[in-house]
Amino acid sequence: MMWKQRQVQLPAMARGFHLITRHLLDEMPEISGIETGLLHVFIQHTSASLTLNENADPDVRTDLESSFSAIAPESFPYTHTCEGPDDMPAHVKASLLGASLSIPIGGGRLLLGTWQGITLCEHRDHAGPRRLVLTLSGETRV
């Protein structure tokens, strides 16, 4: 059984939903050597999140941003407002979507569905870089 763990930093991104699958694959090339295993992706922030979703049509990511902004609007009368009007809605959205993903690996590749991609959900207007912890485990290929 092989284990690897790596902390990676994504550059600051605009508010919205961003495909990061390719970036993560580039950061963890050892995936290609795993016959059967798991990649765990964890974001170390409370105002951004991760999800698996559509990887082809960018309209889906636009609609996700609009939908989550409707679910957790900045106009809601939040108590926690010291970090700006986008902060508390960002915490709500991050809680709904979650901080981690576990993706199976088979034959040296992520076993994502045809239209699935790993997406960083940036919920702040002016966020900085985001840190992720990638943990890879599995049986190596022969």
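Note that the structure is a prediction, hence the values are computed from the model and not measured.

## A look at the pattern of salt bridges
And step 1. As enumerated under the stated definition, the model contains nine salt bridges in all.
And step 2. In this structure, Arg 124 engages Asp 86 in a salt bridge whose closest nitrogen and oxygen atoms are separated by 3.0 Å. Of this pair, Arg 124 sits in the loop between strand E7 (116–122) and strand E8 (130–140) while Asp 86 sits in the loop between helix H2 (58–71) and helix H3 (87–97); the two residues are 38 residues apart in sequence, bridging distant segments of the chain.
And step 3. We classify Asp 86 as buried; its relative accessible area is 7%.
And step 4. Via salt bridges that share partners, Arg 15, Glu 65, Glu 74 and Asp 125 belong to a single interconnected network.

## Some words on H2
And step 1. Counted at 1.5 Å a residue, the expected span for H2 with its 14 residues is 20 Å, and the 20 Å between its end C-alpha atoms agrees.
And step 2. Where H2 is concerned, the buried positions are Arg 61, Leu 64, Glu 65 and Phe 68. Around the axis of H2, the buried residues are gathered within 100° of arc, so they sit on the same side.
And step 3. The inward-facing, buried residues of H2 contact strand E2 (16–19), strand E4 (48–54), H3 and E7.

Quick notes on the rules
- Residues numbered from 1 in each chain as written.
- Predicted model: local features only at pLDDT ≥ 70, side-chain atom pairs only at ≥ 80, totals over all residues.
- Heavy atoms only, no water.
- Salt bridge = Lys/Arg side-chain N within 4 Å of Asp/Glu carboxyl O.
- Helix = DSSP H or I, 4+ residues; strand = E, 2+ residues; numbered from the N terminus.
- Buried < 20%, exposed > 50% of the residue type's maximum accessible area, 1.4 Å probe, protein only.
- Expected span 1.5 Å × (residues − 1).
- Arc of directions from axis to C-beta.
- Contact = heavy atoms within 4.5 Å.

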